[in-house]
Amino acid sequence: MSGKSQNALPHILILNDSVIQCEGSWTIPHLMRLDTALNAIQWPVVKELVWDVGNIRAMDTGGAMVLYRTLAILRANGQGVDVRGLRPEFDELIQLVASQWEHVHPTSPVKVLTPTTVHGWMSQHTVPLGNALEFVGETTVHVFRSLRRPSLIRWQALFHSLELDGIHALPITGLLAFLMGVVIAYQGAEQLRQFGANIFVVDLVGISFLREIGPLIVAILIAGRSGSAYAAQIGTMKVTEELDAIKTLGLSPIQLLVLPRVLALVIAVPLLTVYADILGVVGGALVAFNELDLSLTEFLTRFEEWVALRHFLIGVGKAPFFAIIIAVVGCYQGFQIRGNVDDVGRKTTIGVVQSIFLVIVFDAACSIAFSWLNI
Amino acid sequence: MTTDIGHTANPVIEVHHVSTRFGASVVHEDINLTILQGEIFAIAGGNGTGKSTLLREIIGLQTPAEGRIRLFGQDMSTVGAQPTQDVYRRFGVMFQQGALFSSLTLAENVAVPLKEHTDISPALIRDLVALKIATVGLPGDSAGKFPNELSGGMRRRAALARAIIMDPELLFLDEPTAGLDPIIAAGFDELVLHLKAVLGLTVIMVTHDLDSLWRIADRVAVLGNGTILGIGTMEELARSTDPTIHEYFQGPRGRAAQRQHG
């Protein structure tokens, strides 16, 4: 076929009110033009409409389909049709369309919300809670089993996770904690100076940081860094059927994948919290020195006297629970991914949002409980 | 794409002196091929002989280290020589795993090229898609399903429907029957023959399915040791004295396939 004949625009001419002459390329690139033209024509009503298609230079399934459809509609309306000059290779295409036409029309019925689909929707959206409980339970069982037999723990995966989620998180955690310390001290400095209560900046930075801000900032960062990574890693393994392979090899995905990650975070998050506490307080001390003329010695003396050890212990004590929440939610969302690339992104996002949400809810619950207990 | 008059055997693909290297390892050395219009051309060979690499080079996904590849006379192999959009519309590719977009339904997958490359109305697209889905032998109710809800064989057919939705002139199949059961694989071979006859396709397939080779391939090129060991019809190759080809076609599986089809 020559390029010239292929690019000839399709034409439909009506001659003598009874002969339809078709020309040009009846192909997909010209299909819209053709369809519009065919739909606009008022077909003459005669005993027999002659379709002279001998001048159609090129045809593909698209062209064949609109030709077949037009002829079928005419015939259905009782119009006699005589097709002349159809090339044998085009006829094959028409035959192909004819043989499959019943599948093209009628089109699929509209989806209606029936009781069964409602039931499906319900079961789809209520199951996760049950799944989540099952997952938490299974993980807990595995934790206790490995505590009794430490040889069950995958040490290599654990240390790998510690490096990725702990050591590699040091620079960003340190920087952010330092900056948060600076910000809190600055905001406090403005107010405290008005009352000449400069020294109280130590209490402000020390208590708020050790008790709340240090652990929270670490948890939020780790949820974003590691929680999302866990969901995506496990989800991808699900998509590539690696999880199925693990199961068929008689191994437990929870033992192999979840446990090392949970343990790694349980170790890493408290350590990161201590580190964040130090850098946050250093940030605060720097601002106190700069803005409130508080020397480092004064700062440290006051810190030792007035910032009780329990604030530090409460902060660091919450960290392992934050770690468990982040690791379990991240891994759980990874397991929820169902063989679909879109799902990986969606479940990862859900994992991060849920773990940050749960961390803050847990933190609020702790605050209330501690205030009742007066600690 | 179109069935038109005069099936003169024009070369649609020309591969000239192509060499491929990944670092120090040589995949191809001086490959020469000409594929003619209207034939079913198979690229065969053992695992790791660079069959899929050659296919990827022909369709422009990869650039060979040396040599040139021309598709419909357009250079696909020179770095920087962007083939025009037109070339992409003139061929369809079915990837090994189907490569269906997992976030789209089967019908939406098949409709992608029409939506992206034409101004055809949604109603007409829906009809064309339904026609192609029926043509590849998939039931109508599978149109709304997502790829992960389809079986391996159905996914292959869906990928084929997407590859032929624009009625291309050339169809590339990468291991079309690998991993399918013999009955479904034979059905797939029949489908390819049928589509070739009706749509006037030229088919280039990479395969090591000996049954497929005997059943549908007009000519076969056997790759091995970085070069083309032999090229010709299956009957010709079966008589070859090259030890690798001999082993490939005269092994127990090769002989069984030959008895059945030859």
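Residues numbered from 1 in each chain as written. Chains lettered and ligands numbered in written order. Predicted model: local features only at pLDDT ≥ 70, side-chain atom pairs only at ≥ 80, totals over all residues.

(A) Inspection of the overall build of chain B at higher detail. For chain B, the count of helices and strands is 10 helices and 10 strands. Counting over 262 residues, chain B shows a buried share of 45%. Within chain B, contacts between residues at least 6 apart in sequence are counted, and of these 64% link residues at least 24 apart. (Helix = DSSP H or I, 4+ residues; strand = E, 2+ residues; numbered from the N terminus. Buried ≥ 20, exposed ≤ 12 C-beta atoms within 10 Å, placed from the backbone. Contact = placed C-beta atoms within 7 Å.)

(B) Seen up close, the sheet that holds strand 8 (residues 202-206) of chain B. Residues and elements named next belong to chain B. Judged by pairing direction, the sheet is mixed, and its six strands sit side by side in the order 6-7-8-3-9-10 without closing on themselves. Either end of the sheet is taken by a strand with one partner, and the two such strands are strand 6 (91-94) and strand 10 (227-232). With direction set aside, neighbouring strand axes in the sheet form an average angle of 15 degrees. Direction of pairing for strand 3 (residues 40-45) relative to strand 9 (residues 219-224): parallel, over a ladder of five bridges. The residue bridging Gly45 from the neighbouring strand is Leu223, located in strand 9. (Pairing = 2+ DSSP bridges. Axes fitted to C-alpha atoms, helices over the stretch in contact; angles between N-to-C directions.)

(C) Quick peek at helix 10 (residues 253-291) of chain A. Residues and elements named next belong to chain A. With 39 residues, helix 10 extends 54 Å from end C-alpha to end C-alpha; this agrees with the ideal 57 Å at 1.5 Å per step. The sharpest bend along helix 10 comes to roughly 30 degrees, located at Leu259, with the proline Pro260 sitting one to four residues further on. Downstream of helix 10 by a residue or two, Asp293 has a phi angle that is positive, lying close to 55 degrees. (Expected span 1.5 Å × (residues − 1). Bend = angle between axes of the 7 residues up to and from the residue.)

(D) Structural context of the packing of helix 8 (residues 201-239) of chain A against helix 12 (residues 309-336) of chain A. Residue and element names in this part refer to chain A. Helix 12 packs onto helix 8 with a crossing angle of 15 degrees between their chain directions and a minimal axis gap of 8 Å. One finds that helix 8 runs roughly parallel with respect to helix 12. Relative to helix 12, helix 8 is oriented so that their crossing is right-handed. Here the residues of the contact of helix 8 with helix 12 are counted per class, giving 19 nonpolar, 11 polar and three charged. (Parallel < 35°, antiparallel > 145°, perpendicular 65-115°, else oblique. Left-handed = near helix turned anticlockwise from the far one by under 90°. Nonpolar A, V, L, I, M, F, W, Y, C, P; charged D, E, K, R; others polar.)

(E) Main features of the interface of chain B and chain A. Chain B puts 27 residues into the contact, and the matching count from chain A is 29 residues. For the side of chain B that touches chain A, the element with the highest residue contribution is helix 4 (residues 122-135) of chain B, accounting for eight residues. Taken together, the residues that form the side of chain B that touches chain A break down as 11 nonpolar, 11 polar and five charged.

(F) Main features of the nonpolar core. In this structure, Ile133 and Phe172 of chain B are the most contacted members of the largest nonpolar core, which totals 99 residues. Ranked by residue count, the leading element in this core is helix 4 of chain B, at seven residues. Setting aside its immediate chain neighbours within four residues, Ile133 of chain B contacts Leu106, Ala107, Val110, Leu138, Ala143 and Ala161 of chain B. One finds Ala177, Val218, Tyr230 and Ile325 of chain A within the second-largest nonpolar core, a separate group that totals 56 residues. (Core = buried A, V, L, I, M, F, W, Y, C linked by C-beta atoms within 7 Å.)

(G) Region of the structure containing unusual backbone geometry. All names here are of chain B. A positive phi angle, near 55 degrees, is found at Asp30, a position not held by glycine. Looking at the element boundaries, Asp30 is found in strand 2 (residues 25-36). Backbone geometry places Glu175, a non-glycine residue, at a positive phi of 50 degrees. Mapped onto the elements, Glu175 comes out in the loop between strand 7 (170-174) and helix 6 (182-199). You can call Glu175 buried: it has 21 C-beta atoms within 10 Å.

(H) Looking closely at helix 2 (residues 31-40) of chain A. Residues and elements named next belong to chain A. Every buried residue of helix 2 is listed here: Leu31, Leu34 and Asp35. One side of helix 2 carries all its buried residues, which in axial view fall inside an arc of 100 degrees. Among the exposed residues of helix 2, those pointing more than 90 degrees away from its buried face are Thr36 and Ala40. (Arc of directions from axis to C-beta.)

(I) Inspection of the sheet that holds strand 2 (residues 19-26) of chain A at higher detail. Residue and element names in this part refer to chain A. The strand order across the open sheet formed by four strands is 1-2-3-4, and the pairing between neighbours is mixed. In the strand order of this sheet, the two ends are held by strand 1 (11-15) and strand 4 (80-84), each with one partner. With direction set aside, neighbouring strand axes in the sheet form an average angle of 20 degrees. The sheet strands contacting helix 3 (residues 61-76) are strand 2, strand 3 (48-59) and strand 4, and the helix crosses strand 4 at an angle near 150 degrees.

(J) Quick look at the environment of Val87 of chain B. Residue and element names in this part refer to chain B. Among the secondary structure elements, Val87 is positioned in helix 2 (residues 85-89). A tally of 18 C-beta atoms within 10 Å means that Val87 is categorised as partly exposed. Residues Val87 and Ile59, 28 residues apart in the sequence, show an inter-C-alpha distance of 9.5 Å. Residues contacting Val87, with those up to four places away along its chain left out, are Leu71, Phe72 and Gln74.

(K) Region of interest: the confidence of the model for chain B. Residue and element names in this part refer to chain B. Looking at chain B as a whole, the pLDDT averages 83, with 93% of positions reaching at least 70. Looking at the elements of chain B, mean pLDDT is at its lowest for helix 2, recorded as 72, and at its highest for strand 8, recorded as 92. Throughout residues 1-7 the model reports pLDDT below 50, and contacts reaching past four residues in sequence, or to other chains, amount to 22 contacts. As a predicted assembly, this complex carries a pTM of 0.66 together with an ipTM value of 0.77. (pLDDT = per-residue confidence, 0-100.)

(L) Up close: the pairing of strand 2 of chain A. All names here are of chain A. Note that strand 1 and strand 2 share five bridges and pair antiparallel. What sits directly across from His11, in strand 2, is Glu23. Following strand 1, the chain reverses through three residues before pairing antiparallel with strand 2; Asn16 in that reversal takes a positive phi of roughly 50 degrees. Bridge count between strand 2 and strand 3: seven bridges; the pairing is parallel. In the strand pairing of strand 3, Glu23 is matched with Asn55. Since strand 2 and strand 3 lie parallel, the crossover through helix 2 that links them has a hand, and here it is right-handed. (Right-handed = clockwise from strand over helix to strand, strands pointing away.)

(M) Spatial organisation of the environment of Gly187 of chain B. All names here are of chain B. Mapped onto the secondary structure, Gly187 falls in helix 6. Among the residues examined, Gly187 registers 16 C-beta atoms within 10 Å and is labelled partly exposed. Each C-alpha atom, one on Gly187 and one on Thr177, is 9.6 Å from the other, the two residues being 10 residues apart in sequence.

(N) Layout of the packing of helix 8 of chain A against helix 10 of chain A. Residues and elements named next belong to chain A. Close contact between helix 8 and helix 10 brings their axes to 7 Å; oriented N to C, the two are set at 145 degrees. Along this stretch, helix 8 crosses helix 10, giving a crossing that reads as right-handed. A per-class count over the contact of helix 8 with helix 10 returns 19 nonpolar, six polar and two charged.

(O) Quick peek at the pairing of strand 4 (residues 66-71) of chain B. Residue and element names in this part refer to chain B. Note that strand 1 (residues 11-22) and strand 4 share five bridges and pair antiparallel. From the neighbouring strand, Ile13 faces strand 4, where its bridge partner is Leu71. Two strands pair when backbone bridges link them, and strand 4 and strand 5 (residues 74-75) are joined in this way by two bridges, in the antiparallel orientation. Its bridge partner being in strand 5, Arg70 is matched across the sheet by Asp75. What sits between strand 4 and strand 5 in their antiparallel hairpin is a turn of two residues, with Phe72 showing a positive phi close to 50 degrees.

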